[in-house]
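This is what each chain is made of:
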Amino acid sequence: QVQLVESGGGLVQAGGSLRLSCAASRSGFSINVMGWYRQAPGKQRELVASITRAGSTDYADSVKGRFTISRDNAKNTVYLQMNSLKAEDTAVYYCAAGIILRTETNNWGQGTQVTVSS
């Protein structure tokens, strides 16, 4: 089991920026893919962005051009730079990691609240 520890959430005005970080307790195939999900009240958890160990990225359409995911393999850490934040980005953001990302089998962080005021 991999422990994932997130940091960087908070309250920001619309149009502002936040950077989330997530550190994994160990390296290896269990963090082959790392990513960020989010869950707003009353909505399903959705995948926001993912990145493979080799650096291939994928984004939800709703965040393309505004969010950037990156990772530092030496530190077993993934980042999510969020720019031009909107009220609809308000959610609990969860770090996830796995050989592939599947909701049923992911290792999960504890979640960090992001609130965007309009």
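Heads up: the structure comes first, above all this text.
Residues numbered from 1 in each chain as written. Predicted model: local features only at pLDDT ≥ 70, side-chain atom pairs only at ≥ 80, totals over all residues. Heavy atoms only, no water.

Trainee: Would you take a moment to explain the sheet that holds strand β3 (residues 18–24) for this structure?
Mentor: Strands pair in a sheet through their backbones, by hydrogen bonds, and they do so in one of two ways: parallel or antiparallel. With respect to topology, four strands assemble into an open sheet ordered β1-β3-β8-β7, the strand pairing being antiparallel. The open sheet has two edge strands with one neighbour each: β1 (4–7) and β7 (67–72). Across this sheet, the average inter-strand angle for adjacent strands is 15°, counted without regard to direction. Two strands pair when backbone bridges link them, and β1 and β3 are joined in this way by four bridges, in the antiparallel orientation. (Pairing = 2+ DSSP bridges. Helix = DSSP H or I, 4+ residues; strand = E, 2+ residues; numbered from the N terminus. Axes fitted to C-alpha atoms, helices over the stretch in contact; angles between N-to-C directions.)

Trainee: Would you mind showing me how to read the state of the cysteines here?
Mentor: Put plainly, two cysteines are in a disulfide when a covalent bond ties their sulfur atoms together. Applying the stated rule across the entire model yields one disulfide. The disulfide partner of Cys-22 is Cys-95, and the S-S distance across this bridge is 2.1 Å. Handedness of the Cys-22-Cys-95 disulfide follows from its S-S torsion of about -80°: it is left-handed. One end of the pair, Cys-22, is in strand β3; the other, Cys-95, is in strand β9 (residues 91–98), and 73 residues separate them in sequence. Residue classification places Cys-22 among the buried positions, given a relative accessible area of 0%. (Disulfide = S-S within 2.5 Å. Buried < 20%, exposed > 50% of the residue type's maximum accessible area, 1.4 Å probe, protein only.)

Trainee: Would you explain the side chain of Glu-6 in this entry?
Mentor: By the element assignment, Glu-6 lies in strand β1. This buried residue, Glu-6, is left without a salt bridge; Arg-45 holds the nearest opposite charge, at 8.0 Å. Looking at Glu-6, its side chain comes within polar contact range of the main-chain nitrogen of Gln-110, at 3.4 Å. Within the local environment of Glu-6, its side chain forms a polar contact with the backbone nitrogen of Gly-111, the two atoms lying 2.5 Å apart. With residues up to four places along the chain from it excluded, the contact list for Glu-6 reads Ser-21, Cys-22, Trp-36, Tyr-93, Tyr-94, Cys-95, Gly-109, Gln-110, Gly-111 and Thr-112. (Lys, Arg positive; Asp, Glu negative; His and termini not counted. Salt bridge = Lys/Arg side-chain N within 4 Å of Asp/Glu carboxyl O. Polar contact = N/O pair within 3.5 Å; in protein donor to acceptor, adjacent residues only side chain to side chain. Contact = heavy atoms within 4.5 Å.)

Trainee: I would appreciate a short explanation of the pairing of strand β5 (residues 46–52) in the present structure.
Mentor: Each regular strand carries side chains that alternate between the two faces of the sheet. Of the strand pairs in this sheet, strand β4 (residues 33–39) and β5 are connected by six bridges, and their pairing is antiparallel. By the bridge assignment, Gly-35 is partnered in β5 with Ser-50. Relative to strand β6 (residues 57–59), β5 runs antiparallel, the two sharing three bridges. When the sheet's bridge partners are listed, Ile-51 is paired in β6 with Thr-57. Between β5 and β6, which follow one another and run antiparallel, lie four residues, and Gly-55 among them has a positive phi close to 100°.

Trainee: Is there a simple way to explain the pattern of salt bridges in this structure?
Mentor: Think of it this way: side chains of opposite charge can pair up when their charged atoms draw near. Counting across every chain of the model gives five salt bridges. With a closest N to O distance of 3.1 Å, Asp-61 and Lys-64 form a salt bridge. We classify Asp-61 as exposed; its relative accessible area is 65%. Across the pair Asp-89 and Arg-66 runs a salt bridge whose closest N-O atoms are separated by 2.8 Å. Remark: Arg-66 occurs in the loop between β6 and β7 and Asp-89 occurs in the loop between β8 (77–82) and β9; sequence separation between them is 23 residues. The pair Asp-89 / Arg-66 is uniform in exposure class, with both members buried. When salt bridges with common partners are traced through the structure, they connect Arg-38, Glu-46, Arg-66 and Asp-89 into a single cluster.

Everything listed here is a matter of coordinates, which is why it stays silent on function.
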